[in-house]
Each structure stands twice: as structure tokens, then as C-alpha cells.
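# Observations on the model geometry
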Amino acid sequence: MIFSKKYISFLFVLLSSILSFASFVLIPMDEQQKNHLKAYGIAYRALEINQDVNWLLNYRGGSFAMEENAEIVKLCRLRGVSYEIISNSQMSVIIDEISDAEVNMDVVKLQKAPKIAVYSPKNKRPWDDAVTLVLTFAEIPYDIVYDEEVLADKLPLYDWLHLHHEDFTGQYGKFWANYRTAAWYKEDVAFQEALAKKLGYNKVSLLKLAVVKKIRDFVVGGGFMFAMCSATDSFDIALAADGVDICESMFDGDAMDNNAQSKLNYDNCFAFKDFHIETNPTQYRISDIDVSKERASMVKESNDVFVLFDFSAKWDWIPTMLTQNHTRIIKGFYGQTTAFRKNLLKSNVLVMGENKSIAEARYIHGEYGKGTWTFLAGHDPEDYRHYVGDPKTDLSLFPNSPGFRLILNNILFPAAKKEKHKT
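Residues numbered from 1 in each chain as written. Predicted model: local features only at pLDDT ≥ 70, side-chain atom pairs only at ≥ 80, totals over all residues. Heavy atoms only, no water.

## A look at the packing of helix α2 (residues 36–48) against helix α5 (residues 130–138)
Test applied: Axis definition: a line fit to C-alpha positions, over the contact stretch in the case of helices; interaxial angles, taken between N-to-C directions, run 0 to 180 degrees. What counts as a helix is a DSSP run of H or I of at least four residues, what counts as a strand is a run of E of at least two, and both are numbered from the N terminus. The labels follow the angle: roughly parallel below 35 degrees, roughly antiparallel above 145, roughly perpendicular from 65 to 115, and oblique for the rest. For any pair of crossing helices, the crossing counts as left-handed if the nearer helix is rotated counterclockwise from the farther one by less than a right angle, and right-handed if it is rotated clockwise. Any two residues whose heavy atoms approach within 4.5 Å at even a single point are treated as in contact.
Two elements in contact, α2 and α5, have axes whose closest approach is 8 Å; the angle formed by their N-to-C orientations is 70 degrees. Compared by their axis directions, α2 and α5 come out roughly perpendicular. You can see that α2 and α5 cross each other, and the crossing is right-handed. Contacts between α2 and α5 involve Leu37, Lys38 and Gly41 on the former and, on the latter, Val134, Phe137 and Ala138.

## Structural notes on a nonpolar patch on the surface
Formally: Each patch is built from residues that are more than 30% exposed by relative accessible area and take part in no salt bridge. Like charges join if they lie within 9 Å; nonpolar side chains (Val, Leu, Ile, Met, Phe, Trp, Tyr) join within 5 Å. In these tables, accessible area is a Shrake-Rupley quantity obtained with a 1.4 Å probe, and a residue counts as shielded only by the protein chains included in the view. Criterion for a salt bridge: a side-chain nitrogen of Lys or Arg within 4 Å of a carboxyl oxygen of Asp or Glu.
Taken together, the side chains of Val305, Val307 and Ile329 make up a nonpolar region of the molecular surface, amounting to roughly 220 Å² of accessible area. Along the chain, valine 305 turns up in strand β10 (residues 305–308).

## With respect to the environment of leucine 37
In this structure, leucine 37 sits in helix α2. For the pair leucine 37 and phenylalanine 218, spaced 181 residues apart in sequence, the C-alpha separation works out to 28 Å. If we ignore the near neighbours within four places in the chain, the residues touching leucine 37 are Val134, Phe137, Ala138, Leu395, Phe398, Pro399, Ser401, Phe404, Arg405 and Leu408.

## Details of the side chain of asparagine 410
Put simply, the rule is: Relative accessible area decides the class of each residue, using a 1.4 Å probe on protein chains only: under 20% of the type maximum gives buried, over 50% gives exposed, and in between gives partly exposed. As used in this structure description, the phrase polar contact means that two N or O atoms lie within 3.5 Å; if the pair is within protein, one of them must be able to donate a hydrogen and the other to accept it, and residues adjacent in sequence are counted only when both atoms belong to side chains.
When you line up the elements, asparagine 410 lands in helix α15 (residues 402–412). When its relative accessible area of 1% is taken as the criterion, asparagine 410 is described as buried. A polar atom in the side chain of asparagine 410 sits 3.2 Å from the side chain of threonine 374. Those residues in contact with asparagine 410, other than ones at most four positions away along the chain, are Trp160, Phe226, Leu322, Tyr363 and Thr374.

## Concerning the pairing of strand β3 (residues 63–67)
Heads up, the condition is: Two strands pair if DSSP finds at least two bridges between them.
Most of β3 is tucked away: four of the five residues are buried. For strand β2 (residues 53–57) and β3, the ladder comprises three bridges, and the chain directions are antiparallel. Across the sheet, the residue bridging to asparagine 54 is alanine 65, located in β3. Connecting β2 to the antiparallel partner β3 that follows it, the hairpin turn spans five residues, and asparagine 58 within it adopts a positive phi of roughly 70 degrees.

## Regarding the side chain of aspartate 128
What counts is decided by this rule: In summary, the charge assignment counts Lys and Arg as positive and Asp and Glu as negative, without counting His or the chain termini.
The residue aspartate 128 is located in the loop between β6 (116–119) and α5 in this model. Of the side chains with opposite charge, lysine 392 lies nearest to the buried aspartate 128, which makes no salt bridge, at 7.1 Å. For aspartate 128, the residues in contact, after removing those within four places along its chain, are Leu133, His165, His379, Asp380, His386, Pro391, Lys392 and Thr393.

## Brief notes about the environment of alanine 227
Along the chain, alanine 227 falls in strand β9 (residues 224–228). When the C-alpha atoms of alanine 227 and glycine 403 are compared, they prove to be 14 Å apart, with 176 residues separating the residues in sequence. Leaving out residues up to four positions away in the same chain, alanine 227 has contacts with His162, Leu163, Thr232, Thr374, Phe375 and Leu376.

## Topic: the nonpolar core
This is how it is decided: We call a set of buried residues a nonpolar core when its members are Ala, Val, Leu, Ile, Met, Phe, Trp, Tyr or Cys and they connect through side-chain atoms within 4.5 Å of each other.
Counting residues in each nonpolar core, the largest one holds 62 residues, and the members touching the most others are Ile27, Phe64 and Leu110. With eight residues, the top contributor of residues to this core is α2. Setting aside chain neighbours within four positions, we find phenylalanine 64 in contact with Val25, Leu26, Ile27, Met29, Ala39, Tyr40, Ala43, Val53, Asn54, Trp55, Leu110 and Leu412. Ranked by size, the runner-up nonpolar core spans 61 residues in total, among them Tyr158, Tyr172, Ala182 and Ala240.

## Observations regarding the sheet that holds strand β5 (residues 106–110)
Pairing is antiparallel across the open sheet formed by five strands, whose spatial order is β4-β1-β3-β2-β5. Among the strands making up the open sheet, the edge pair consists of β4 (84–87) and β5. Between one strand axis and the next, the sheet turns through 30 degrees on average, direction left out of account. Docked against the sheet, helix α4 (residues 88–99) engages β1 (23–27), β2, β3, β4 and β5, running at close to 90 degrees with respect to β4.

## Considerations on unusual backbone geometry
Residues other than glycine seldom take positive phi values, yet asparagine 50 does so here, at roughly 60 degrees. Of note, asparagine 50 is situated in the loop between α2 and β2. Positive phi is not limited to glycine here, since asparagine 58 has a value of about 70 degrees. In this fold, asparagine 58 is placed in the loop between β2 and β3. Judged by its relative accessible area of 25%, asparagine 58 is partly exposed.

Now the structure itself:
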């Protein structure tokens, strides 16, 4: 690979400015790191106090380097995060290694602490959310927003939005068959219906569609959206079903449109195409995008993994950031949406993690308007089958979780310079 003199000069100036500091805090993110998850919180805190953070892509698992600061050093000690104080000359050696055109590494400067919102219901549901778990554990601040805030146009106040495990089709996660007599299910239906009425909608599905459109506009305007589990495919299905009733009577009080499938508009979708909605209300899925049922006979927990792709750090810096890890092999985990059927992905969707043996994508990314979206399938990276009512995961037992690292890569993504080095 050949780099122009202009690019090399630009990189030299950039790296020389980095090296103007007397000493640095290096937070390694390879196997030597004692607490990968809290390390992201340290990087975020540095941004909060207006200190630039250099993300060393593909160097020791995606390490962080920043000017030595007493508060940062103290936080590393208090939170059990491994760090090294290195000299100017030691940093020069690292930079020389990274800047080599033959090496798949690069430096991305993080400059601003992104303002984070989590779309999450105000009523209590009998399951937790991996993103709020890891944000809390990493000590990264966030605000909770839900339908009222979204419809009141609060999203532009934020840089990054996570979608809780919502069913945006208004079918309550298709829990009706197994949980319709459960107190929590009845309470959730009552809460959602009351909220829809309060906000001027006669159906929950119509409220959720309005919310999805606001979120879509947030992304179009330059927002960063991240979703897991059922929020991924249900988001696109709601967009495709704009103006079409895909809910049976137990969900919205009247029958679904008999021609609903033929009326879907895949052009509205972010990620998926040509999918078929699940019209049977007793089936625990909303479309054939999810391959949970089919994969059950092909994989077991012992061999359920997906592999992260390697990208060019110097040219494909965005997916490189999003896949930083100390391992390329990630343990699989189930959810309401466990994995995406690859032949239903749009051609412009970037697959960042997949299980090739069963043709499923687990971690995907794309652009929409001026913004980006990222979907990670599954519910909890450290709980293989997280059932309704199960206790939440204690992340102090999994401080080096590679699955949870994928979530935190997305948290820091909006802090990076948006323009890549030009040749």
C-alpha cells in the first residue's frame, strides 16, 4: 500500500503534536488489562475534563493514550484499571510503529464527551438492558428518554442514542402466547396503551411508528444510533409497515390487514429487505430476519461464537473503531432477536461480525442520511439465554467481556474526529 507525501506529512504533524507532552498515560487494552470495561469510563472522563484522548487502533487491543493527568491516574487506581506512565521517547517508539504504512494501525483523536441518551421505558419490566448495565458499570453518564421526550423533539440534544429492547411494531415482544396472564405483561400493556392515549394515538403501534420516525430523523440529521435485540429488526419492520396494520386483535383491538405482507415498503428500512413478517400471534418472533429458531438445531452454547472482521485502520477507521477488542472471537448469546439472516441484509450494510457456518450476521453497521446506525444482535453478551425474570448480570464478574466491549466502542465512536486523514 502506497501513501502520498501529503498524507505522510499530515500524519507526522499530527503525531508530533501528540508527542509535545512530557509524559503520557497509556491504558493498554490487550490481555494485560485488568478491567477493560472500566477503562472506557476512564477515557470518557478524560473527555469530560476537556482532555483529548488518542485511541490507538489495533495497538494492544485498541489502547488509549492521553497526557498525564493526576485525576486520570487516580481514577485508574480507584477503579482497578491497568495503566502505564510512559515517557516522550517511549511514546515516540509506539507512534513510529503505528505510523508504519505496512502496519494495520492508526491513531484516532477523541475530542468531545458524547451526550448519551438511552431510550428505555419508565415502567419496570422483568428484564434488564445490556447497555445500561455496562454504562453504569463503566461509570459513563447517560439520560433516560422515552416516547414523550422523543416526540417532544429532545433527541437533537444528544449525540448518541441507544434503543432498549423495544418492540416497535406494537406487539409487546410477541409475549402474548406465554405471558398474557402474567401481572407484568398486563401492567405493560396498560402502561403502553395509557401512554399512547395521552400522546394522542388510539393504538400503541401508531405511537411506536411516530417514535421510530423521530428516531429516523435524528439519524438523518447526523445522530449515532445503536440498538440490540428486538429493537433492531422491529425498528425496520415498523418503518416498512408504515400505513399497514400488521397487528392481530389481541395487540391492537382489530384484525391485521390480510394483505399486509405485500404492502411492506422495504425502501423505508435501514438494514433489511425482502423479509416476511410473522403473522401467527403465538409465534415468538416478528419476522424471518431473526434466525433463533433455525439455529437451535445447529449450534450449542459450547460452539456458539461469531468472528469480528479485520478492517484497514488507516482507511476503514470507523469499522476498525467499532471492532476494537482483545480477541476476534466473541461468544454468541441469545435474545428476542439473536442473529440476522444474511440474505435479508441490504447491499450497503457492513457486516462486522458473523458466524459463517450458519450464514448469520451478528454485528452490522451502516449510514443513513448524515448519521450512522449499528445493530448488535442478542440480549446480554455474558448470559447465553437470558429469560424473563432472570437476575441482571453482575459485570464485576466479567470486567474483560469482549461482547460488552463492542457496546462501549460505540459509545466512544461519536467522540472521534469525523474526517479521516486525507491523501
